[in-house]
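This is what each chain is made of:
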Amino acid sequence: MIAEIDLKKCIRDIADFPKPGILFKDITTLLKDGKAFAQTVDALAQKYKNEKIDKVLAIEARGFIFGAAVAYKLGAGFIPVRKKGKLPAKTTSVTYSLEYGTDTLQMHEDAIKSGENILIVDDLLATGGTANAVAGLVKKMGGKIAGIAFLIELVDLKGIEKLKEYPVYSLIKC
Ligand code: AMP
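Residues numbered from 1 in each chain as written. Predicted model: local features only at pLDDT ≥ 70, side-chain atom pairs only at ≥ 80, totals over all residues. Heavy atoms only, no water.

Trainee: I'm lost on the overall build of the protein chain in this one. Help?
Mentor: Across its full length, the protein chain holds 4 helices and 9 strands. For the protein chain, the N- to C-terminal ordering of α and β elements is β-β-α-α-β-α-β-β-β-β-α-β-β. Relative to the 2.2 N^0.38 estimate, which gives 16 Å for 174 residues, the radius of gyration of the protein chain is 16 Å and therefore close to what a compact globule would have. Principal axes of the C-alpha set define a box for the protein chain whose edges measure 45 × 40 × 30 Å. For the protein chain, the proportion of its 174 residues judged to be buried stands at 44%. Residue pairs at least 24 apart in sequence account for 57% of intrachain contacts in the protein chain once pairs closer than 6 positions are excluded. Within the structure as shown, the protein chain displays about 9,500 Å² of accessible surface, and the carbon and sulfur contribution to it stands at 53%. One finds the centroid of the 26 positive side-chain charges in the protein chain at a distance of 2 Å from the centroid of its 21 negative side-chain charges. (Helix = DSSP H or I, 4+ residues; strand = E, 2+ residues; numbered from the N terminus. Rg over C-alpha atoms; globule rule 2.2 N^0.38 Å. Buried < 20%, exposed > 50% of the residue type's maximum accessible area, 1.4 Å probe, protein only. Contact = heavy atoms within 4.5 Å. Areas by Shrake-Rupley, 256 points an atom, 1.4 Å probe, with all protein chains shown as cover. Lys, Arg positive; Asp, Glu negative; His and termini not counted. Charge placed at Lys NZ, Arg CZ, Asp CG, Glu CD.)

Trainee: Where do I start with helix α3 (residues 62-74) in this structure?
Mentor: Count 3.6 residues to each turn of an α-helix, and residues three or four apart come out pointing the same way. For α3, built from 13 residues, the straight-helix expectation of 18 Å at 1.5 Å per residue is met to within 8% by its first-to-last C-alpha distance of 19 Å. Along α3, the residues that are buried comprise G63, F66, G67, V70, A71 and L74. The buried side chains of α3 occupy one side of the element, clustering within an arc of 135° when seen end-on. Lining the buried residues of α3 we find α1 (28-31), α2 (34-47), β3 (55-59), β4 (77-83), β7 (117-125) and β8 (144-153). One or two positions beyond α3, positive phi appears at G75, with a value near 70°. (Expected span 1.5 Å × (residues − 1). Arc of directions from axis to C-beta.)

Trainee: I'm lost on the pairing of β4 in this one. Help?
Mentor: Along any regular strand, the residues point their side chains to alternate faces of the sheet. Pairing analysis gives 5 bridges linking β3 to β4, with the strands arranged parallel. Each bridged residue has a counterpart across the sheet, and for K55 the counterpart in β4 is G77. Crossover connection from β3 via α3 to parallel β4: handedness right-handed. Bridge count for β4 against strand β6 (residues 102-108) is 2 bridges, and the pairing is antiparallel. Its bridge partner being in β6, R82 is matched across the sheet by Q106. (Pairing = 2+ DSSP bridges. Right-handed = clockwise from strand over helix to strand, strands pointing away.)

Trainee: Please clarify how the site of the ligand should be interpreted in this entry.
Mentor: Around the ligand, the structure places 13 residues, and the nearest of them are R62, D122, T127, G128 and T130. Here an oxygen atom of the ligand sits 2.7 Å away from a polar atom, N or O, in the side chain of R62. A distance of 2.5 Å separates an oxygen atom of the ligand from a polar atom in the side chain of T127. If the ligand stood free it would expose 490 Å²; the protein chains cover 81% of that surface. At the level of secondary structure, the elements contributing two or more residues to the shell around the ligand comprise β2 (23-26), β7 and α4 (129-140). Within the shell around the ligand, the residues separate by chemical class into 5 nonpolar, 4 polar and 4 charged. (Near = heavy atom within 4 Å. Polar contact = N/O pair within 3.5 Å; in protein donor to acceptor, adjacent residues only side chain to side chain. Nonpolar A, V, L, I, M, F, W, Y, C, P; charged D, E, K, R; others polar.)

In short, shape yes, function no, at least from these values alone.
Structure below.
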């Protein structure tokens, strides 16, 4: 058996980025390590391999890196959720509160068929606002949320409480 990599050690902490007081979890140090990246994608895909996932939906931009790879592994489709104004066809939107102000995310309105089994993937769970907003969008489109998966969960921020009604999984808890 090949030794498992401690993925937590592959993530770099950057203090005061992008603004003072934020401890940014930099995943580029994990991504540049081929074995660590493969182990991450394999572990996420393994968790959902029996869940009959139709489509993996991931959130711009870092969510795309893991979401697309997991979709490929599961033989599922991939749905990009993007910042406002980036998608070319007709979209459906969700606007949600951030610490200061609001943000809007969009997906194509024909991305999900009613009743499809959807796995949401993002790199990191902080306050849970982003994932909760996107989960609401999936439900509005008639999708069934089979799971919400993160590489990293910042436990102290209690984002999991906003996602109580969904099955949430995180590979690394910090
Ligand atoms: P939230 O909506 O508060 O759960 O924030 C989640 C989103 O913000 C994710 O898409 C992350 O990429 C990003 N994010 C929030 N906090 C951090 C952090 N400390 N380090 C890296 N990314 C973060």
